[in-house]
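Listed below are the residues making up each chain.
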Amino acid sequence: MITTSGAYSNSYPASNAFDNNASSMWISSVWQTPAWIGYEFNQGEKITQYSIDYTNGSITTRAPKDFQLQGSNGTQWYTLDERNNEVNWSGSEKRSFVIQNPGTYKKYRLVVSDDNDTRSGVVVISIGTLTLERCGCGRYPDQTQVQTGPSLNISASGEYSSSYPAWRAFDDNPSSMWISQVWQTPAWIDYRFPEAKMIEDYRIQYTNGSITTRAPKEFSLQGSNGSSWVTLDTRSNETNWSGNEARCYAVADPGYYNQYRLQATDDNDSRGGVVVISIGDLSLEGH
């Protein structure tokens, strides 16, 4: 069941946010704060990640700026995730968020308290697609081994300096990090298992203080059993990282491979290509 605080008109109902068509959209009632949209499952579901596809052409003022994802099994609502100052949306952009406090709930709702209009409160909110993802990190154990030094199982396209080697992305210490070589596109890091593994989720822990330009923006996870690489998952426009944030991704096309690599073709620096990529921890989760 789909519910909402209201709709701009009959042409933009809440159901448009769940029709798997990002070109259609739910648009909220004008000057309604908060504006919210909800979805109720038949049974309790543990949602660990959600995505917002913003769609409204050049009218980027209607993108959500301050919002919460809430869950409920009755009449009381619990805040599961809160985001503030989500700015600089493009006219057609998807952003994904890992839920900070997941639990099992039948009802979920996205509650928006401010949009990107300069006037306070919600003028109008527009959402092309709201995705509530049951999968995410934690479903399977991390298959990588904790590293305490250089390993033949780990390699990278390059490194910023000897202080930031590739094995630091697997030392279970997110305050250390692998930093790629400067101006190297693509920049990649890989891990080799002694036998084939099926990786179904992967987790990127970004670590670099306030230097958020070094977070990966465009990247893919690839697998190999020899000399050729197969693209298993691709992510685009992963922006607005904090200085210490983890994001989880379900692999779109998992299979059994003994070698995996994360390959970035763009970072969050405004200059084209990869200037520098920084990763505090990379988890490969599966069986």
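Residues numbered from 1 in each chain as written. Predicted model: local features only at pLDDT ≥ 70, side-chain atom pairs only at ≥ 80, totals over all residues. Heavy atoms only, no water.

Under the annotation held in an unreviewed UniProt entry, the protein chain carries the name Discoidin domain-containing protein and is attributed to Shewanella surugensis.

**Q** Is there a simple way to think about the environment of Thr-144 in this case?
**A** Within the fold, Thr-144 resides in the loop between β10 (129-133) and β11 (154-156). With 21 residues separating them along the chain, Thr-144 and Pro-165 place their C-alpha atoms 16 Å apart. Not counting residues up to four positions away in its chain, the partners in contact with Thr-144 are Phe-170, Tyr-191, Phe-193, Leu-282 and Leu-284. Within polar-contact distance, the side chain of Thr-144 engages the side chain of Asp-142 at 3.0 Å. (Helix = DSSP H or I, 4+ residues; strand = E, 2+ residues; numbered from the N terminus. Contact = heavy atoms within 4.5 Å. Polar contact = N/O pair within 3.5 Å; in protein donor to acceptor, adjacent residues only side chain to side chain.)

**Q** Would you take a moment to explain the side chain of Arg-235 for this structure?
**A** Topologically, Arg-235 is positioned in strand β15 (residues 230-235). In this view, Arg-235 contacts Tyr-202, Lys-217, Glu-218, Phe-219, Tyr-249 and Ala-250; residues no more than four positions away in its chain are not counted.

**Q** Explain a nonpolar patch on the surface here, please?
**A** Where nonpolar side chains cluster on the molecular surface, the patch consists of Tyr-8, Val-30 and Trp-31 and spans about 330 Å² of accessible area. Within the element layout of this structure, Tyr-8 appears in the loop between β1 (2-4) and β2 (26-27). (Patch = residues over 30% accessible without salt bridge, like charges linked within 9 Å, V, L, I, M, F, W, Y side chains within 5 Å. Areas by Shrake-Rupley, 256 points an atom, 1.4 Å probe, with all protein chains shown as cover. Salt bridge = Lys/Arg side-chain N within 4 Å of Asp/Glu carboxyl O.)

**Q** I tried to follow the pairing of strand β8 (residues 104-115) on my own but got confused; where do I start?
**A** The side chains of a regular strand alternate between both faces of the sheet. The pairing of strand β3 (residues 35-46) with β8 spans eight bridges and is antiparallel. Directly across from Gly-38, in β8, lies its bridge partner Arg-109. Strand direction decides the pairing type here: strand β5 (residues 64-72) and β8, joined by eight bridges, are antiparallel. Following the sheet pairing, Ser-72 is matched in β8 by Lys-107. (Pairing = 2+ DSSP bridges.)

**Q** Would you mind showing me how to read the UniProt feature "domain: F5/8 type C" (unreviewed entry) in the protein chain here?
**A** As recorded in UniProt, the feature "domain: F5/8 type C" (unreviewed entry) lies at residues 1-129. As annotated, residues 1-129 has a helix share of 0% and a strand share of 47%, and its two end C-alpha atoms lie 16 Å apart. (UniProt positions renumbered as here; feature names shortened; annotations may be inferred.)

**Q** Where do I start with the sheet that holds β10 in this structure?
**A** Strand pairing in a sheet relies on backbone hydrogen bonds. The paired strands run either parallel or antiparallel. Across the sheet, three strands lie side by side as β7-β4-β10; this open sheet has antiparallel pairing. Edge strands, defined here as strands with exactly one partner in the open sheet, are β7 (92-98) and β10. Between one strand axis and the next, the sheet turns by 10° as a mean value, whatever way the strands run. Relative to β7, strand β4 (residues 49-55) runs antiparallel, the two sharing seven bridges. (Axes fitted to C-alpha atoms, helices over the stretch in contact; angles between N-to-C directions.)

**Q** I tried to follow the side chain of Thr-55 on my own but got confused; where do I start?
**A** Inspection of the secondary structure puts Thr-55 in strand β4. Apart from the residues within four sequence positions on either side, Thr-55 is in contact with Ala-22, Ser-23, Met-25, Gly-91, Ser-126 and Gly-128.

**Q** Explanation requested: the environment of Arg-168 in the structure shown.
**A** Structurally, Arg-168 is set in the loop between β11 and β12 (178-179). Sequence separation of Arg-168 and Leu-69 is 99 residues, and the distance between their C-alpha atoms is 33 Å. Not counting the four nearest positions on each side in its chain, Arg-168 is found in contact with Ser-176, Met-177, Trp-178 and Gly-280.

**Q** What should I look at first to understand the pairing of β3 in this one?
**A** Across three bridges, β1 lies against β3 in antiparallel orientation. Residue pairing in the sheet places Thr-3 in a bridge with Gly-38 of β3.

**Q** It is not clear to me how the sheet that holds β5 should be interpreted in this structure. Could you clarify?
**A** Read across the open sheet, the five strands follow the order β1-β3-β8-β5-β6; overall the sheet is antiparallel. Pairing within the sheet leaves two strands with one partner each, and these edge strands are β1 and β6 (78-83). Neighbour-to-neighbour, the strand axes of this sheet turn through a mean angle of 20°, independent of strand direction. Looking at chain direction, β5 and β6 are connected through five bridges and run antiparallel. Each residue of the ladder has a partner; that of Gln-70, found in β6, is Thr-79.

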